[in-house]
Amino acid sequence: MKNFLSVNDVLPLQPALALAREVKANPFADGELGRNKTLLMVFFNASLRTRLSTQRAALNLGMNVIVLDINQGAWKLETERGVVMDGDKPEHILEAIPVMGCYCDIIGVRAFAGLHDRDYDYREEILNQFVQYSGKPVFSMEGATRHPLQSFADLITIEEYKKTPKPKVLLTWAPHPKALPQAVPNSFAEWINQTDYEFVITHPEGYDLDPAFVQGARVEYDLEKAYAGADFVYAKNWSAYTGEPYGKVLHADRRWTVDARKMSLTNNAYFMHCLPVRRNMIVTDEVIDSPASLVIQEAANRVVSAQTVLREILRELA
Ligand code: CP
């Protein structure tokens, strides 16, 4: 694997899931693979899980790790092309990226959507510039449009807990007070569309996702029908993609909060969320505190997805 930016970099899925199972069963088997190799993790945005799980994965592989928080202690970076740099950003990303590439063997990048300009966000300008100019393998720690390490962990978790070969998986929009990117639901849809599960997406009118990610999934606006018989309920907020204006909260309708009544319509479904989660906005305390909640197991599997990806990139470098 050269880079890891989307599900396309790990297809077909079944061998990738088998590798993940190997990694989980014996996390220290490749402790020499990363010796004298350095991972640089570059964060343009905050993180708890991605930072810790990816670092842990690299340590399990024997790597050295450097973490750079662009907004804390680094020069402010200009990311736009062709601008007169007379503002508060003293360094351009066009120099910063190849310099970062000099100090490491693999680069992980987190760069969220700005939610101001849909075309700019959906071009994945920052991630793609790291791919183009760093000279090193690059993996996404959540870009503007996808969060593949999260989706890989989500799929590993579903495979571990499914009670039927083709479970019904429901992706539901849920309310949130602030505008959030579409990266997690886009990516989740992209990965689940590569399985033979029954996949349903539900959201209020106006919150349609990019059709390139929805693909053939059924979109169901009726909450009762959406939840009926579901085996997994995956909740996430996202801001408007097709609705105007782009990247805004159209409303935060609490009827879409995942609660015990809606979960009672399911086939004893498991509840999933990538975290961090706003309790009693996205999901009630009753549901997230119940045995049906897999949120901690998902977070634990972030080490597995990151280690599987890093292992494959290291093997390519060897
Ligand atoms: N789920 C996830 O990526 O969590 P962090 O934003 O804390 O990394």
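1. Overview of the domain arrangement of the protein chain
Phase 1: Looking at the protein chain, the domain boundaries give domain 1 (7-146 + 302-317) and domain 2 (150-298).
Phase 2: Centre-to-centre, using C-alpha coordinates, domain 1 lies 26 Å away from domain 2.
Phase 3: Considering only the surface of domain 1 that becomes buried against domain 2, Leu115, Arg118 and Tyr122 emerge as the three largest contributors, covering 28% of it.
Phase 4: Glu190 serves as the salt-bridge partner of Arg146, at 2.8 Å between the closest nitrogen and oxygen.
Phase 5: The tally of links between domain 1 and domain 2 comes to nine residue pairs in polar contact (both at pLDDT 80 or more).
Phase 6: Those elements that place two or more of their residues in the side of domain 1 that touches domain 2 are helix 1 (13-25), helix 4 (118-122) and helix 12 (295-317).

2. Section: the pairing of strand 2 (residues 64-69)
Phase 1: The pairing of strand 1 (residues 38-43) with strand 2 spans six bridges and is parallel. Looking at the pairing, Val42 lines up with Leu68 of strand 2.
Phase 2: Note that the unit made of strand 1, helix 2 (residues 49-60) and strand 2 has a crossover that is right-handed.

3. With respect to the packing of helix 3 (residues 93-102) against helix 5 (residues 125-133)
Phase 1: Look at helix 3 against helix 5: their axes get within 9 Å of each other, and the N-to-C directions meet at 55°. Viewed along their axes, helix 3 and helix 5 adopt a mutual orientation that is oblique. For the crossing formed where helix 3 meets helix 5, the hand is right-handed. Across the interface between the two elements, Ile93, Leu94, Ile97, Pro98 and Met100 of helix 3 pack against Ile126, Gln129, Phe130 and Tyr133 of helix 5.
Phase 2: Residue composition of the contact of helix 3 with helix 5, grouped by class: eight nonpolar, one polar and no charged.

4. Remarks on helix 2
Along an α-helix, residues three or four apart share an orientation, since each turn contains 3.6 residues.
Phase 1: In this model, helix 2 (12 residues) spans 16 Å end to end at C-alpha, consistent with the 16 Å of a helix rising 1.5 Å per residue.
Phase 2: Three or more residues of helix 2 are buried, namely Arg49, Thr50, Ser53, Thr54, Ala57, Ala58 and Asn60. Each buried residue of helix 2 lies within a common arc of 160° when the element is viewed along its axis, so the set occupies one face. Along helix 2, exposed side chains directed more than 90 degrees from the buried face belong to Leu52 and Leu59.
Phase 3: Summarising the contacts, the buried residues of helix 2 are in contact with strand 1, strand 2, strand 5 (106-110), strand 6 (138-140), helix 6 (148-161) and helix 12.

5. Points about the pattern of salt bridges
Phase 1: This model, assessed by the stated rule, comprises 20 salt bridges.
Phase 2: The partner of Glu142 in a salt bridge is Arg110, with the nearest N and O atoms 3.5 Å apart. Taken together, the residues span a long stretch of sequence, with Glu142 in the loop between strand 6 and helix 6 and Arg110 in strand 5 at a distance of 32 residues. As far as burial versus exposure is concerned, Glu142 and Arg110 are alike and both buried.
Phase 3: The shortest N-O distance in the salt bridge between Asp289 and Arg279 comes to 2.9 Å.

6. Things to note about the pairing of strand 5
Look at any regular strand and the pattern is simple: side chains alternate between the two faces of the sheet.
Phase 1: In terms of residue burial, strand 5 counts as a mostly covered element, since five of its five residues are buried.
Phase 2: Burial of strand 5 is two-sided: the residues Ile106, Gly108 and Arg110 facing one way and the residues Ile107 and Val109 facing the other way are all buried.
Phase 3: Sheet topology places strand 1 next to strand 5; five bridges connect them, and they run parallel. Along strand 5, the bridge assignment pairs Leu39 with Ile106.

7. A short note on the packing of aromatic side chains
Phase 1: On inspection of all chains with the given rule, the structure shows 10 aromatic pairs.
Phase 2: Their ring planes at 70° and their centres at 6.4 Å tell us that Phe4 and Trp191 sit as a pair that is edge-to-face. Separated by 187 residues along the polypeptide, Phe4 in the segment before helix 1 and Trp191 in helix 7 (residues 183-192) bring together distant segments of the chain. Here the two residues Phe4 and Trp191 agree in accessibility, since each one is buried.
Phase 3: For the pair Tyr161 and Tyr270, a centre-to-centre distance of 5.3 Å together with 70° between the ring planes defines the contact as edge-to-face.

What counts and what doesn't
Residues numbered from 1 in each chain as written. Predicted model: local features only at pLDDT ≥ 70, side-chain atom pairs only at ≥ 80, totals over all residues. Heavy atoms only, no water. Domains from an automatic or database assignment. Buried area = accessible area lost by both parts, 1.4 Å probe. Salt bridge = Lys/Arg side-chain N within 4 Å of Asp/Glu carboxyl O. Polar contact = N/O pair within 3.5 Å; in protein donor to acceptor, adjacent residues only side chain to side chain. Helix = DSSP H or I, 4+ residues; strand = E, 2+ residues; numbered from the N terminus. Pairing = 2+ DSSP bridges. Right-handed = clockwise from strand over helix to strand, strands pointing away. Axes fitted to C-alpha atoms, helices over the stretch in contact; angles between N-to-C directions. Parallel < 35°, antiparallel > 145°, perpendicular 65-115°, else oblique. Left-handed = near helix turned anticlockwise from the far one by under 90°. Contact = heavy atoms within 4.5 Å. Nonpolar A, V, L, I, M, F, W, Y, C, P; charged D, E, K, R; others polar. Expected span 1.5 Å × (residues − 1). Buried < 20%, exposed > 50% of the residue type's maximum accessible area, 1.4 Å probe, protein only. Arc of directions from axis to C-beta. Phe/Tyr/Trp six-rings, centres within 6.5 Å; stacked < 30°, edge-to-face > 60°.

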